Amino acid sequence: MRVFALFLMICLLCGLCACTADVAPPQESESIADTETVSPPESTTEPETTAEVVPETTKEIEEEPVTELLADNCRFYCVSDTKSALLMWRYKGKNIALSMRIKGVNQIFDVEKLYYNNDDTFTNDLSKYTLFITNGTDWLGPVVIKANQNADGDFPDKSHFTGGNHGADNSGKIEDNAPSGATRGLSIVIDGERREAFSGYCNEVIIRWTDYVQAANTTKMDGTGREVLKEEHTAVFDGTDSGFRITTRFIALESITFLRLYGLQSSATTKFDTVTFVGSKTGGEPQPIVPDLRGDLHTTSVRLDGPLSVEYGVTEGLADGTYQTSHAAFTSGTKCYLFLINPNAPKRCVLDTEESVYYVGWYRFE
C-alpha cells in the first residue's frame with residue numbers, strides 16, 4: 001500500500017511539471033503590449049545605454065510648459081473652425097493672440113494676424129488686444145520649383161514663386177490671376193480630439209494641413225496648372241514655448257528641381273526696432289532693420305524685437321546647410337527670411353517622384 005501511494009505521488013508531480021512546461025512563448029505576430037511584462041533582475045553593472053535614444057523633436061515635446069496657466073488649469077484659449085484657428089495665451093506677463101487661416105489667392109493656410117495685450121491678467125476679449133501685424137503676404141514660405149519634364153505652363157522659361165501668397169503669375173493679387181497651389185485636408189486636434197468647431201480653454205492644439213503646389217513652369221492663368229509638389233505641415237501648440245513648433249515635409253509628385261526655399265519668415269519688419277541673426281558671426285548683435293542685412297551660415301534663428309518680439313529658426317532636416325551658401329537669413333523690403341534652399345548652393349536639390357526634404361522649426365512670441 002505504501003509503495004502504491006508513493007507511486008501515485010510521483011505521477012502527480014510529473015504531470016504538474018508537464019503542464020508547466022507546455023506554456024508556449026508568445027508568437028512573433030503577437031503584440032508585446034498584450035503580454036505580461038516581467039522585470040529583469042537588477043544588474044550590478046552599468047549598461048552601455050540606460051535609456052532609449054529620443055529624437056530631438058520628442059525631447060522638445062517632453063519639456064515642461066512655460067506659458068502661464070489660465071482658467072480651468074489650461075494653457076490656451078482657442079476658437080477654431082474648419083478654416084481657421086485663433087489661439088490666445090499668456091507668457092512673462094504679456095497676453096498674446098495668434099490667428100491662422102486659409103487665405104489669399106491660393107487659399108492656403110498660414111499665419112494671419114498677431115496681437116498682444118499688456119494687462120496684468122489674462123483676457124480672451126480680442127477687442128482689448130492691440131493688432132500688431134496683419135499678414136498680407138506669407139510666413140510659411142512659398143517655393144521656387146521647376147518640373148523636369150513636360151513644362152506645359154504659361155511661363156515655361158520663368159523661375160518664379162508658387163504656393164504661399166503667390167498666384168500663377170507670381171503676384172498676390174486675386175483678380176485676374178489663378179491659384180498656384182491650394183490647402184486640402186486641414187484638421188485641428190484639441191486635447192487629443194479632432195474638432196470641426198471649438199471655443200474654450202485647452203492645453204494642446206495640433207494643426208495639420210496639406211498643400212499642393214504647382215511649379216513655375218506648370219502654372220496656367222486659366223487655373224488648370226499642374227501640381228508637382230505636396231507639402232505636409234504640422235503645427236503644435238503645447239505651452240512648452242511661447243509659440244509653436246512646425247514640421248514641414250516637401251514630397252515630389254513628379255521629378256522636380258527645388259531652386260529656392262526660405263521656409264520660415266516674417267512680414268511687417270517696420271513694426272520692429274531691431275533684428276538679430278542669432279549665432280551669426282556677422283550681424284549677431286541687435287541692429288536697426290534695413291533691407292539687405294545678412295546672417296551668415298552660423299545663424300541659428302532670427303529675432304525681431306519691438307513692442308512684441310518674434311523669433312524663429314529651424315533645428316532639423318534642411319537646417320543641416322546642404323543646400324545653403326553664403327548666408328542663412330536676410331532682410332529684404334519689409335520682410336525677414338531664413339534661406340534653406342539657395343539656387344547658388346554647390347549642391348542642387350533635385351527630387352524624383354516620392355522623394356522628399358523636410359525641416360523642423362519653431363516660432364516664439366514674447
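Everything numeric here is computed off the predicted structure, so don't read it as measured data.

Reading guide: rules and limits
Residues numbered from 1 in each chain as written. Predicted model: local features only at pLDDT ≥ 70, side-chain atom pairs only at ≥ 80, totals over all residues. Heavy atoms only, no water. Helix = DSSP H or I, 4+ residues; strand = E, 2+ residues; numbered from the N terminus. Buried < 20%, exposed > 50% of the residue type's maximum accessible area, 1.4 Å probe, protein only. Contact = heavy atoms within 4.5 Å. Disulfide = S-S within 2.5 Å. Salt bridge = Lys/Arg side-chain N within 4 Å of Asp/Glu carboxyl O. Pairing = 2+ DSSP bridges.

To continue, consider the side chain of serine 84. Locating serine 84 in the fold gives a position in strand β2 (residues 84-91). Taking the relative accessible area as the measure of exposure, serine 84 reaches 10% and is therefore buried. Once residues lying within four places of it in the same chain are set aside, the contact partners of serine 84 are Val79, Met100, Arg101, Phe109, Leu186 and Ile188.

A full pass over the atoms with the stated rule returns zero disulfides. Free of any disulfide, cysteine 74 has its nearest neighbouring cysteine sulfur in cysteine 202, separated by 6.6 Å.

With that out of the way, let us pick up the pattern of salt bridges. Any two side chains of opposite charge can pair, given that their charged atoms come close. Counting across every chain of the model gives 14 salt bridges. Residue glutamate 68 is joined to arginine 90 by a salt bridge in which the shortest nitrogen-to-oxygen separation is 3.1 Å. Of this pair, glutamate 68 sits in the loop between α2 (56-61) and β1 (76-80) while arginine 90 is found in strand β2, placing the two residues 22 residues apart along the sequence. Looking at glutamate 68, the relative accessible area reads 29%, which means it is partly exposed. Look at arginine 90 and you get buried, because its relative accessible area is 7%. Aspartate 305 is paired through a salt bridge with arginine 303; the nearest N and O atoms lie 2.9 Å apart.

With that out of the way, let us pick up the sheet that holds strand β21 (residues 335-338). The strand order across the open sheet formed by four strands is β14-β21-β20-β17, and the pairing between neighbours is antiparallel. Edge positions in the open sheet fall to β14 (265-266) and β17 (294-295), since each of these has one partner strand only. Relative to β21, strand β20 (residues 329-332) runs antiparallel, the two being bridged by four bridges. Counted as the bridge partner of threonine 331 is cysteine 336 from β21.

Everything listed here is a matter of coordinates, which is why it stays silent on function.
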